[in-house]
Amino acid sequence: MDVPKPKCLEYPLNVPKKLLMGPGPVNIPLRVHNAMMKPVLGHLHPEFTQIMDEVKEGLKYIFQTKTDVVCCVSGTGHAGMEATMCNLLEPNDVIVIAQNGIWGERAAEMAHRLDADVRVIKKPPGDVFNLNELESALSMHKPAVLFLVQGESSTGALQPLEGVGSLCRKHGALLVVDTVACLGGVPFYMDSWEIDVVYTGSQKVISAPPSLAPIAFNDRAMKKVHARKTPIRSFYLDITWLANYWGCDGLPLKYHHTGPVCSVYALREALSMMCEEGLHSLWSRHLYCAQKLYNGLNALGLQLFVADPAKRTPTVTTIRVPDGVDWRKVTEYFMSRYQVEISGGLGPTAGKVWRIGLMGYNCIPENVDRVLKIMKEALANEKFLKSNL
């Protein structure tokens, strides 16, 4: 018997318009939408590889690097994390993971699956690591790799990076940094800060659709990759193949996989918009809007989860849920009444905070005002008190 045609596909696609003020993805500009509507090209056509080259130049700018191996993994930020782990780690390699939120937990899980020797150092959610703590871990564990998250989106913490790279070189370790939740919204200098591997996601500050994980390996990192005694466990995430497909190694291109052509168009246009504004302007805009949000939340009597302003990432603000308030009902009010998304906590902050994203295209003062207005309404609604549920 034939499987019948699905009834749900007999109707036109219906997608509501929402304002995405959570920790990502974000709304994308019309220019980026329009770029995705360009004619589809073959994934090895010269016109498409030219666009890939333009993407690489844009990524070098936002990563602030001159390294050769700058490309994209076809996947979201998790794919960037997994690509980093599977390329750098061999069985029994020691990796130190600085864990102060869910992304350190995820990195440790991936490293364990690769049979690495995983050493985790921890700080409470919302706190960050100082240079003395990191050097102590490097001295004690003598790792091949140190993993840090710059913007921990589960807690809203911003990890300082200056000086860490030189410590890693002193102790013979590679420095890997996850910048998924903050690249483009806070200062980042891959080369000046001596960072060996960095990855991010297209759907956050970059303001392109989720589908690509920009990534960069410097010469030190590639030297470890080429010196491996065991094969890279993932063919799809093999950085040597990806570097060739993206034209990073100077060799004739080989077929590795079919790149997401329309997503690359979108990323190219989003990077063009970032270059037009300039990194310093982007960083200033995110800081300004974040401070405006902090001031408004304080005026509503709300407490920020990260108490020290110097430890906050402006791209994701975490707010303590007041005693007696049902956090979920508040987020549902935002969505059902106004079609605006804010998020609850994640990992160690689940049930404890709201998370508001100020990223890229959505990071404008008007959106801050809108979120504050709705939050004021929600907090004044007695229906959202737990005693009234």
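Predicted model, so just to flag it, every value in this text is computed and none were measured. (Residues numbered from 1 in each chain as written. Predicted model: local features only at pLDDT ≥ 70, side-chain atom pairs only at ≥ 80, totals over all residues. Heavy atoms only, no water.)

## Focus on the overall build of the protein
Within the protein, the regular secondary structure consists of twelve helices and 14 strands. Computed over the C-alpha atoms, the radius of gyration of the protein is 22 Å, within 12% of the 21 Å expected from 2.2 N^0.38 for a compact globule of 389 residues. Dimensions of the protein, computed from C-alpha atoms along their principal axes, come out at roughly 65 × 55 × 55 Å. Out of the 389 residues in the protein, the part that is buried amounts to 56%. In the protein, once contacts between residues fewer than 6 apart in sequence are set aside, the share between residues at least 24 apart is 72%. A total of about 17400 Å² of accessible surface is found on the protein, and carbon and sulfur atoms cover 55% of it. A gap of 4 Å separates the mean positions of the 41 positive and 38 negative side-chain charges of the protein. (Helix = DSSP H or I, 4+ residues; strand = E, 2+ residues; numbered from the N terminus. Rg over C-alpha atoms; globule rule 2.2 N^0.38 Å. Buried < 20%, exposed > 50% of the residue type's maximum accessible area, 1.4 Å probe, protein only. Contact = heavy atoms within 4.5 Å. Areas by Shrake-Rupley, 256 points an atom, 1.4 Å probe, with all protein chains shown as cover. Lys, Arg positive; Asp, Glu negative; His and termini not counted. Charge placed at Lys NZ, Arg CZ, Asp CG, Glu CD.)

## Thoughts on the sheet that holds strand 10 (residues 212–217)
Taken in spatial order, the seven strands make up an open sheet running 2-10-9-8-5-3-4, and their pairing is mixed. Each having just a single partner strand, strand 2 (69–74) and strand 4 (117–122) make up the two edges of the open sheet. On average, each strand axis in the sheet is inclined to that of its neighbour by 20°, with strand direction left out of account. Relative to strand 10, strand 9 (residues 197–199) runs antiparallel, the two sharing three bridges. Looking across to strand 10, one finds that Tyr 199 is bridged to Ile 215. Contacts between helix 4 (residues 102–113) and the sheet are confined to strand 3 (94–99), strand 4 and strand 5 (145–149), with strand 3 contributing the most and set at about 160° to the helix. (Pairing = 2+ DSSP bridges. Axes fitted to C-alpha atoms, helices over the stretch in contact; angles between N-to-C directions.)

## Some points on the pairing of strand 10
Of all six residues that make up strand 10, six are buried, and the element is covered over most of its length. Burial of the side chains of strand 10 extends over both faces: Leu 212, Pro 214 and Ala 216 are buried on one face and Ala 213, Ile 215 and Phe 217 on the other. The sheet contact formed by strand 2 and strand 10 spans six bridges and is antiparallel. When the bridges of strand 10 are listed, Cys 71 appears paired with Ile 215.

## A few points about the nonpolar core
Judged by nonpolar contacts, the single largest core of 98 residues is most densely connected at Ile 95, Phe 147, Phe 188 and Phe 217. If you tally residues by element for this core, the top one is helix 9 (residues 261–277), at eight residues. With sequence-adjacent residues up to four places away left out, Ile 95 is seen in contact with Met 85, Leu 89, Ala 111, Ala 116, Asp 117, Val 118, Arg 119, Pro 143, Val 145 and Phe 147. Counting 29 residues, the second largest nonpolar core, distinct from the first, contains Val 325, Val 340, Ile 342 and Ala 378. (Core = buried A, V, L, I, M, F, W, Y, C linked by side-chain atoms within 4.5 Å.)

## Quick notes on the pattern of salt bridges
This structure, assessed with the given rule, holds 22 salt bridges. In this structure, the salt-bridge partner of Glu 133 is Lys 123, at a minimum N-O distance of 3.1 Å. Of this pair, Glu 133 sits in helix 5 (residues 131–141) while Lys 123 sits in the loop between strand 4 and helix 5, placing them ten residues apart in sequence. For Lys 123, a relative accessible area of 17% puts it in the buried group. Ionic pairing is found between Asp 127 and Lys 311, a salt bridge with its closest N-O pair at 2.9 Å. Of this pair, Asp 127 sits in the loop between strand 4 and helix 5 while Lys 311 sits in the loop between helix 10 (279–299) and strand 11 (316–320), placing them 184 residues apart in sequence. Taken together, the salt bridges that share partners define one network made up of Arg 31, Glu 54, Arg 268, Glu 269 and Glu 276. (Salt bridge = Lys/Arg side-chain N within 4 Å of Asp/Glu carboxyl O.)

## Regarding the environment of Pro 365
The residue Pro 365 is located in helix 12 (residues 365–379) in this model. With a relative accessible area of 28%, Pro 365 lands in the partly exposed category. Other than its neighbours up to four places away in sequence, Pro 365 contacts Tyr 288, Cys 289 and Lys 292.

## Things to note about the sheet that holds strand 14 (residues 353–357)
Reading across the sheet, the three strands line up as 11-14-13 and stay open at both edges, with antiparallel pairing between neighbours. On the outer flanks of this sheet lie strand 11 and strand 13 (343–344), each paired with one strand and no other. Pairing between strand 11 and strand 14: five bridges, direction antiparallel. Residue pairing in the sheet places Ile 319 in a bridge with Trp 354 of strand 14.

## Focus: the pairing of strand 8 (residues 174–178)
Among the five residues of strand 8, five are classified as buried, and the element is accordingly described as predominantly covered. By the bridge criterion, five bridges tie strand 5 to strand 8 in an arrangement that is parallel. Residue pairing across strands places Val 145 opposite Leu 174, the latter belonging to strand 8. For strand 8 and strand 9, the ladder comprises three bridges, and the chain directions are parallel. Considered in strand 9, the bridge of Asp 178 is made with Tyr 199.

## A look at unusual backbone geometry
Of all residues except glycine, most have a negative phi; of all peptide bonds, most are trans. A cis amide bond links Gly 24 with the next residue in sequence, Pro 25, at an omega value of 5°. You can see Pro 25 is positioned in the loop between strand 1 (19–20) and helix 1 (30–36). Here the phi dihedral of Asp 115 falls at roughly 65°; this positive angle occurs in a residue that is not glycine. Within the secondary structure layout, Asp 115 lies in the loop between helix 4 and strand 4. One non-glycine residue, Ser 207, adopts positive backbone phi at about 70°. On the basis of relative accessible area, Ser 207 is assigned to the buried category, the value being 3%.

## Digging into the packing of aromatic side chains
On inspection of all chains with the given rule, the structure shows six aromatic pairs. On the numbers, 6.1 Å between centres and 80° between planes, the contact of Phe 188 with Trp 193 is edge-to-face. Of the two residues, Phe 188 and Trp 193, neither departs from the other in class, the shared state being buried. Ring geometry for Tyr 189 against Trp 193: centres 5.4 Å apart, planes inclined by 70°, an arrangement best described as edge-to-face. Three or more aromatic residues joined by ring pairs form one cluster here, namely Phe 188, Tyr 189, Trp 193 and Trp 283. Taking NZ or CZ as reference, Lys 123 lies 5.7 Å from the ring centre of Phe 129, over its face. Between Arg 312 and the ring centre of Tyr 294, over which it is positioned, the NZ or CZ distance is 4.7 Å. (Phe/Tyr/Trp six-rings, centres within 6.5 Å; stacked < 30°, edge-to-face > 60°. Lys NZ or Arg CZ within 6 Å of the ring centre and 35° of its normal.)

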